[in-house]
Amino acid sequence: MDLKTLCELRGLSGREDAVRKAVYDVCVEKLGKENVSFDGNGSVIAVRKATDKALPRVMLAAHMDEVGLVAISATDEGLINVRTIGSVDPRVLLSKRVTVGYGDDAVPGVIGYPPIHLQSQEDYKAAPKLDKLTVDIGAKDKAEAEGKAPKGTHISFDTKYTDFGDGFVCAKALDDRVGVFNLLRLLDAPYGGELIFAFTAQEEVGLRGAYAAGYRAQPDIGIALEGTSANDLGDTPDQFKVCIPGQGPCVSFMDHSSIADHELFKLVLKAGEAENVPHQIKKFIAGGNDAGAIQRAGAGAKTVVISVPCRNIHSPASVCCLKDVDNQLALAKATLKHLMKG
Amino acid sequence: MKELIKQLTAVYGPSGREHSVADVIESLVKDKADSVRRDALGNLICEIKGTQDKRLMFAAHMDHIGLIVTHAEKEGWLRVHNVGGINLNNSRTRRVKFANGVEGVLCEQALKENEKSALTTLYIDIGAKDEAEALSMVDIGDIAVYAEPAFDVGKNRVCSPAVDDRCACALLIKLLNNLPEKRPTIVAVFTSQEEVGLRGATVSAYSVQPDEGIALDVTIASDTPELKINAVKLGEGPAVKIKDTRSISNPGVVKRMIDAAKAAGVPYQREVLPWGGTDAGAMQLSRGGVPVGTLSIPCRYVHSACEMVDMGDMDKALKLLIEYVRV
């Protein structure tokens, strides 16, 4: 399963179906049907049994869902009012192409905004509010709009995966299809302890899938593979850059959802150095991820996060460096190797 | 008790880095406990069998607030983010220290016109001439804490950073050393990561499976000029928590705490805190739910380098707790 295919699959929080099916098929092929299951949230849990039971049980987690919009009503003119699923800045939505609905029922749409000629000075200066944005699917009236996009219909970014510059890619949903991509590549990673691969649902709306996955599996260690925000462009002062694409995956010591286990954090850094895997420390406290849930599910687990720096995260056009994606995989493998050394 | 508080507040231990505190506490309680263990989040869990099957969990948190290094600038300044509730007004030109003994000054940069104070306007000066020297002294991800040593104030009061909540750790240690013969099974949990969201108590309550949970923590004493947060005063006895934003105390627990105060012959105060929470909030929501309460130690200047408690309140809290666990 390649990264392009995964990024172009559409699956907002709670409707991860397409990603789930793709992930499930690969897991079954590699680990056998008896070792792959779904839970009530729709997370996919694949288990690889231990050959050495003395080693820690490790949960590797990546979330399947992506951010986007949901239809809440239609106007008399046939435009669709929306709210966000997960955090989305309205400013990244203007004049974007979207896909409304899933599967055979899906229709193309565009997020309209009054042209510059018609904006007042105040409109022009102010950031648009979400309740002023609508999705146009070419419907002639409310009835047609509600027929094609009933309340609750998911609306996702319509962006093709594109190679970009020297070794970069531009795509939607890099957060967290990069993690899903690498989690699938880790199914046969060398490690003697039990591995629990958690492809989680509903991370973007509050780590919901990971709470249940962590509770059920009760791992000793949780490692979240993520995409994280890079803010390295323009005249951003160094202290706000967070991380820099191309300089390796980030290791987080803390974010808003968890403080990494300090020994585990140091072990990941040591493993990266020992195995010559480029990596960087995430230099800002922002965001949260499945580690926060896995850490506190049931009796608790030691956690750490390894993430790929992504520019324009939570937008239709995120950018990341493919070398960082490969090095996220390499750093996860190096970490497992060093966990075996104890 | 005062010496124990001073001993405990001198130990480095911000949220996520509580192991040194746990080491000291373990050395002080291991002879009293039937079992002592630590879990994935660094909670120290000490169980003492009782004459009753009931399992009573006490939670006193080991961690305190700090500032975590996120970035070293070319000039050697360390940029930081808060670990727990850092108050900017308590953080300007403060002596701070790291786990490895490196000390520095927490400062605020000169603000431009209309620029607002924020965590991002703070930095730590550790006397490094440049980024390389700074990073040879501390690592990104290291945590600084207020460095003030504990000191006596007046006849019977003590000030220090980390009084929130090491004073309650001291109280719990003293309780374990003064348990009545007839009592429930006591599980004393010295918790981690309370200041960042009751995280240690969340997982330890799950594994301990108590029948009842009592948090021991400080509360704000509103007896200083113009402060009107609650009706709690320093020196007028421990406070029985009725409610804060994370838990409503079980009425039965509240009643038995008040009965215990009366039995012990000590004054008590009733506490309603309009914001904040204690480990009781996490214990309450564990598994199928747990009746909880909090016994609070009145404290002035909470989350500053000079958190002040009254030793009379501490002694009275201990007497109250001994009666509370007596069957």
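The shown structure was predicted, so the numbers you read here are calculated from the model rather than taken from an experiment.

Reading guide: rules and limits
- Residues numbered from 1 in each chain as written.
- Chains lettered and ligands numbered in written order.
- Predicted model: local features only at pLDDT ≥ 70, side-chain atom pairs only at ≥ 80, totals over all residues.
- Heavy atoms only, no water.
- Core = buried A, V, L, I, M, F, W, Y, C linked by side-chain atoms within 4.5 Å.
- Buried < 20%, exposed > 50% of the residue type's maximum accessible area, 1.4 Å probe, protein only.
- Helix = DSSP H or I, 4+ residues; strand = E, 2+ residues; numbered from the N terminus.
- Contact = heavy atoms within 4.5 Å.
- Pairing = 2+ DSSP bridges.
- Axes fitted to C-alpha atoms, helices over the stretch in contact; angles between N-to-C directions.
- Nonpolar A, V, L, I, M, F, W, Y, C, P; charged D, E, K, R; others polar.
- Domains from an automatic or database assignment.
- Buried area = accessible area lost by both parts, 1.4 Å probe.
- Salt bridge = Lys/Arg side-chain N within 4 Å of Asp/Glu carboxyl O.
- Phe/Tyr/Trp six-rings, centres within 6.5 Å; stacked < 30°, edge-to-face > 60°.
- Lys NZ or Arg CZ within 6 Å of the ring centre and 35° of its normal.
- 1 Å grid on protein atoms, 1.4 Å probe; cavity = no way out; pocket = protein on both sides within 12 Å on 5 of 7 lines; lining within 4 Å.
- Points joined across faces, edges and corners; volume = space filled by probe spheres on them.
- Expected span 1.5 Å × (residues − 1).
- Polar contact = N/O pair within 3.5 Å; in protein donor to acceptor, adjacent residues only side chain to side chain.

1. Examining the nonpolar core
Residue and element names in this part refer to chain A.
Here comes step 1: Grouped together as the largest cluster of nonpolar side chains are 88 residues, with contacts concentrated most on Phe197 and Phe199.
Here comes step 2: The leading source of residues in this core is helix α9 (residues 322-341), at 7 residues.
Here comes step 3: Beyond its immediate chain neighbours, meaning those up to four positions away, phenylalanine 197 contacts Leu31, Val44, Ile45, Ala46, Arg48, Leu60, Leu183, Leu186 and Leu187.

2. Quick notes on the sheet that holds strand β6 (residues 97-100) of chain A
Residues and elements named next belong to chain A.
Here comes step 1: Ordered by their spatial adjacency, 6 strands build a closed barrel running β4-β5-β8-β7-β6-β9, and the pairing between neighbours is antiparallel. Ignoring strand direction, the axes of neighbouring strands in this sheet form an average angle of 45°.
Here comes step 2: When strand β5 (residues 79-85) meets strand β8 (residues 134-136), the two strands line up antiparallel, connected through 3 bridges. Its bridge partner being in β8, leucine 79 is matched across the sheet by aspartate 136.

3. Comments concerning the packing of helix α1 (residues 2-9) of chain B against helix α2 (residues 19-29) of chain B
Each packed pair of helices is defined by two parameters, the angle between the axes and the distance between the axes.
All names here are of chain B.
Here comes step 1: Between α1 and α2, the shortest axis-to-axis distance is 10 Å and the interhelical angle comes to 145°. Between α1, through Leu4, Gln7 and Leu8, and α2, the contact on the second element is made entirely by Val24, Ile25 and Leu28.
Here comes step 2: In terms of residue class, the contact of α1 with α2 is made up of 5 nonpolar, 1 polar and no charged.

4. Some words on the domain arrangement of chain A
All names here are of chain A.
Here comes step 1: Taken as a whole, chain A is organised into domain 1 (3-66 + 172-341) and domain 2 (68-157).
Here comes step 2: Its C-alpha centre places domain 1 at a distance of 31 Å from the equivalent point of domain 2.
Here comes step 3: Both sides together, the interface formed by domain 1 and domain 2 hides about 1,200 Å², and carbon and sulfur atoms give 65% of it.
Here comes step 4: Considering only the surface of domain 1 that becomes buried against domain 2, Arg10, Leu12 and Pro316 emerge as the three largest contributors, covering 52% of it.
Here comes step 5: One can count 0 salt bridges joining domain 1 with domain 2.

5. Here we look at the packing of aromatic side chains
Here comes step 1: With the rule as written, the count across this model stands at 5 aromatic pairs over all chains.
Here comes step 2: Ring centres of tyrosine 215 of chain A and tyrosine 206 of chain B lie 5.5 Å apart, and the angle between their planes is 85°; this geometry places the pair in the edge-to-face category. Here tyrosine 206 of chain B lies in helix α5 (residues 199-208) and tyrosine 215 of chain A lies in helix α6 (residues 208-217), a pairing that spans two chains.
Here comes step 3: With a relative accessible area of 15%, tyrosine 206 of chain B lands in the buried category.
Here comes step 4: The ring centre of tyrosine 206 of chain B lies 3.7 Å from the NZ or CZ of arginine 287 of chain B, which sits over that ring.

6. Observations concerning the pairing of strand β3 (residues 52-61) of chain B
Residues and elements named next belong to chain B.
Here comes step 1: Here β3 pairs with strand β12 (residues 184-191) via 8 bridges, running parallel. Across the sheet, the residue bridging to alanine 59 is valine 189, located in β12.
Here comes step 2: Across 4 bridges, the pairing between β3 and strand β13 (residues 212-220) is parallel. Pairing of phenylalanine 58 across the sheet is with isoleucine 214, part of β13.

7. Focus: empty space enclosed by the protein
Here comes step 1: Applying the stated criterion across every chain yields a total of 2 cavities of 30 Å³ or more.
Here comes step 2: Taken as a whole, the largest cavity spans an internal volume of roughly 60 Å³.
Here comes step 3: For the largest cavity, the full set of lining residues is Glu66, Val67, Phe157, Ala173, Leu174, Asp175, Glu204, His314, Ser315 and Ser318 of chain A.
Here comes step 4: Considered class by class, the residues forming the lining of the largest cavity number 4 nonpolar, 3 polar and 3 charged.
Here comes step 5: Of the pockets and cavities examined, the second largest cavity occupies roughly 40 Å³.
Here comes step 6: Lining the second largest cavity are His64, Ile65, Tyr146, Pro161, Ala162, Asp164, Glu195, His303, Ser304 and Glu307 of chain B.
Here comes step 7: Residues of the lining of the second largest cavity, tallied by class, amount to 4 nonpolar, 3 polar and 3 charged.

8. A few points about the pairing of strand β3 (residues 58-63) of chain A
Residue and element names in this part refer to chain A.
Here comes step 1: Taking burial as the measure, the 6 residues of β3 include 6 buried ones, the bulk of the element.
Here comes step 2: The two faces of β3 match: Val58, Leu60 and Ala62 on one face and Met59, Ala61 and His63 on the other face are all buried.
Here comes step 3: As paired strands, β3 and strand β13 (residues 221-229) are joined by 4 bridges and run parallel to one another. By the bridge assignment, methionine 59 is partnered in β13 with glycine 222.

9. Description of the pattern of salt bridges
Once their charged atoms are close, side chains differing in charge can pair, the charge on each being opposite to the other.
Here comes step 1: According to the stated counting rule, one finds 37 salt bridges over all chains in the structure shown.
Here comes step 2: Residue aspartate 326 of chain A is joined to arginine 185 of chain A by a salt bridge in which the shortest nitrogen-to-oxygen separation is 2.9 Å. Placement of the pair is aspartate 326 of chain A in helix α9 and arginine 185 of chain A in helix α5 (residues 174-185), with a sequence separation of 141 residues.
Here comes step 3: Judged by its relative accessible area of 25%, arginine 185 of chain A falls in the partly exposed class.
Here comes step 4: Aspartate 310 of chain B serves as the salt-bridge partner of arginine 157 of chain B, at 2.9 Å between the closest nitrogen and oxygen. Placement of the pair is arginine 157 of chain B in strand β11 (residues 157-160) and aspartate 310 of chain B in strand β17 (residues 307-310), with a sequence separation of 153 residues.
Here comes step 5: You can call arginine 157 of chain B partly exposed: its relative accessible area is 23%.
Here comes step 6: Through salt bridges with shared partners, a single ionic network connects Arg15, Glu16, Asp17 and Arg20 of chain A.

10. Examining the sheet that holds strand β4 (residues 66-72) of chain B
Here comes step 1: Reading around the circumference, β4-β5-β8-β7-β6-β9 (chain B) is the order of the 6 strands in this closed barrel, with antiparallel pairing throughout. Sheet twist, expressed as the average angle between the axes of neighbouring strands with direction ignored, equals 45°.

11. Considerations on helix α2 (residues 17-31) of chain A
Here comes step 1: If you check α2 of chain A, its first and last C-alpha atoms are 20 Å apart, about what 15 residues at 1.5 Å a residue would give, namely 21 Å.
Here comes step 2: Phi for glycine 32 of chain A, located one or two positions after α2 of chain A, is positive at around 90°.

12. A few points about the domain arrangement of chain B
Residues and elements named next belong to chain B.
Here comes step 1: When the domains of chain B are assigned, the result is domain 1 (2-64 + 161-325) and domain 2 (68-146).
Here comes step 2: For domain 1 and domain 2, the distance between their C-alpha centroids amounts to 31 Å.
Here comes step 3: With 13 residues of domain 1 at the contact, the number on the domain 2 side is 14 residues.
Here comes step 4: Taken together, the links from domain 1 to domain 2 amount to 0 salt bridges.
Here comes step 5: Counting the contacts that link domain 1 with domain 2 gives 4 residue pairs in polar contact (both at pLDDT 80 or more).

13. Some remarks on the layout of surface pockets
All names here are of chain B.
Here comes step 1: Estimates place the volume of the largest pocket at around 600 Å³.
Here comes step 2: Together, 34 residues line the largest pocket, and Asp164, Ile220, Trp275, Val302 and His303 are the ones closest to its centre.
Here comes step 3: Here the lining of the largest pocket takes 4 residues from β13, the largest share from any one element.
Here comes step 4: Grouping the amino acids of the lining of the largest pocket by side-chain chemistry returns 13 nonpolar, 13 polar and 8 charged.

14. Notes on the side chain of arginine 79 of chain B
Residues and elements named next belong to chain B.
Here comes step 1: Structurally, the position occupied by arginine 79 is in strand β5 (residues 78-83).
Here comes step 2: The exposure class of arginine 79 is buried, given its relative accessible area of 8%.
Here comes step 3: In this structure the side chain of arginine 79 is engaged in a polar contact, spanning 3.1 Å, whose partner is the backbone oxygen of threonine 120.

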